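Coordinate inspection notes
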Amino acid sequence: LSNESQLNLNNGDMNTEDQSIFQIDDSDVYINGAMNNDYFAQLTVQNGGTLTITGDFNNGINPIGDEVTAGFVDVDGGSISVGGDLVNDYGSDITVDGGGSLAVTGDVTNDQDATINVPDGTFSYGGTLTDPFGGVTSSSSDSDCDDGCCGSGCTALPVTLMSFEGHEIVTGVELNWTTVSEITNDFFTLEKS
């Protein structure tokens, strides 16, 4: 998928397996469901391409949850957003490089000789990280992946929040926040995804 193309899977899961190659190059893929990448399948997201998965992403586990052979993911200047959990298992490899990002809303399990390597990018997650074999690494100045973020895009905010709340209203969502301190902060930019 290349040259600013778009692929939308609106209600279902996507499976890439059996030595397949799925390359997202300067294009956008939206999966309203889960994704499985296994049995030596290669997934590449590069050159500003995006992959959005609303559900779970399994790399190295087949769609019914059984052990299979490794899956390989290369994020090189692109981004992957996972709305659920990420399981990277059975010798699978994920590399986040070229300023790319891998953002997981839920939990991350990295097990059985699997690796998540972040030479020049950002890896973040909102749940817990289970990494019993120490396969999650980053070579940037922020190499501690145990705190929810590691890599070049994980820097401390110049703002200390006391509260941040969102409430649904008729015309959308109303956000309210209170800060305890702001150091060299000029303005707030709100983004949604």
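As the structure is a prediction and not an experimental result, all values here were calculated from the model.

**Quick look at the overall build of the chain**
If you tally the helices and strands in the chain, you get zero helices and 21 strands. Relative to its length of 193 residues, the chain is compact, with a C-alpha radius of gyration of 18 Å against a globular reference of 16 Å. Overall, the C-alpha framework of the chain stretches about 50 × 40 × 30 Å when taken along its three principal axes. Of all 193 residues assigned to the chain, the portion counted as buried reaches 38%.

**Notes on the sheet that holds strand β1 (residues 6-9)**
Pairing is mixed in the open sheet, where seven strands are placed in the order β1-β4-β7-β10-β13-β16-β19. In the strand order of this sheet, the two ends are held by β1 and β19 (149-151), each with one partner. On average, each strand axis in the sheet is inclined to that of its neighbour by 5°, with strand direction left out of account. Relative to strand β13 (residues 100-104), strand β10 (residues 79-82) runs parallel, the two being bridged by four bridges.

**Observations regarding the environment of proline 119**
By secondary structure assignment, the location of proline 119 is in the loop between β15 (115-118) and β16 (121-125). Not counting the four nearest positions on each side in its chain, proline 119 is found in contact with Thr95, Val96, Asp97, Ser139 and Ser140.

**A short note on the state of the cysteines**
All told, the structure shown has two disulfides when counted by the stated rule. The side chain of cysteine 145 participates in a disulfide bridge whose partner is cysteine 150; the two sulfur atoms lie 2.0 Å from each other. Here the disulfide of cysteine 145 and cysteine 150 is right-handed, its torsion about the S-S bond being about 75°. Comparing cysteine 145 with cysteine 150 shows no difference in burial state: the two are buried. Disulfide pairing is shown between cysteine 149 and cysteine 154; the S-S distance is 1.7 Å. Note on the cysteine 149 and cysteine 154 pair: the S-S dihedral is about -75°, so by sign convention the disulfide is left-handed. When the bonded cysteines of the chain are counted from the start of the sequence, the pairing works out to 1-3, 2-4.

**Focus on the nonpolar core**
Met35, Leu43, Leu51, Ile80, Leu102 and Phe123 are the most contacted members of the largest nonpolar core, which totals 28 residues. In this view, leucine 102 contacts Ile80, Val82, Leu86, Ile94, Val96, Thr122, Phe123 and Ser124; residues no more than four positions away in its chain are not counted.

**Things to note about the side chain of serine 138**
As for its placement among the helices and strands, serine 138 is situated in strand β18 (residues 136-138). Here valine 118 takes part through its backbone oxygen, which lies 3.4 Å from a polar atom of the side chain of serine 138.

**Section: the sheet that holds strand β17 (residues 129-130)**
Strands sit in the order β2-β5-β8-β11-β14-β17 across an open sheet of six strands; the sheet is parallel. What marks the edges here is a single partner per strand, and that holds for β2 (14-16) and β17. Across three bridges, the pairing between strand β8 (residues 57-59) and strand β11 (residues 86-88) is parallel. From the neighbouring strand, asparagine 59 faces β11, where its bridge partner is asparagine 88.

**A word on the packing of aromatic side chains**
Under the criterion given, the structure shown has five aromatic pairs. Between tyrosine 39 and phenylalanine 40, the ring centres sit 5.4 Å apart and the planes meet at 65°, which makes this aromatic pair edge-to-face. With a relative accessible area of 35%, tyrosine 39 lands in the partly exposed category. Phenylalanine 40 sits in the partly exposed class, given a relative accessible area of 39%.

**Some remarks on a nonpolar patch on the surface**
A cluster of nonpolar side chains, Phe164, Val173, Leu175 and Leu190, forms an exposed patch at the surface whose accessible area comes to about 390 Å². Secondary-structure assignment places leucine 190 in the segment after β21 (172-182). With a relative accessible area of 53%, leucine 190 lands in the exposed category.

What counts, and where the lines are drawn
Residues numbered from 1 in each chain as written. Predicted model: local features only at pLDDT ≥ 70, side-chain atom pairs only at ≥ 80, totals over all residues. Heavy atoms only, no water. Helix = DSSP H or I, 4+ residues; strand = E, 2+ residues; numbered from the N terminus. Rg over C-alpha atoms; globule rule 2.2 N^0.38 Å. Buried < 20%, exposed > 50% of the residue type's maximum accessible area, 1.4 Å probe, protein only. Pairing = 2+ DSSP bridges. Axes fitted to C-alpha atoms, helices over the stretch in contact; angles between N-to-C directions. Contact = heavy atoms within 4.5 Å. Disulfide = S-S within 2.5 Å. Core = buried A, V, L, I, M, F, W, Y, C linked by side-chain atoms within 4.5 Å. Polar contact = N/O pair within 3.5 Å; in protein donor to acceptor, adjacent residues only side chain to side chain. Phe/Tyr/Trp six-rings, centres within 6.5 Å; stacked < 30°, edge-to-face > 60°. Patch = residues over 30% accessible without salt bridge, like charges linked within 9 Å, V, L, I, M, F, W, Y side chains within 5 Å. Areas by Shrake-Rupley, 256 points an atom, 1.4 Å probe, with all protein chains shown as cover. Salt bridge = Lys/Arg side-chain N within 4 Å of Asp/Glu carboxyl O.

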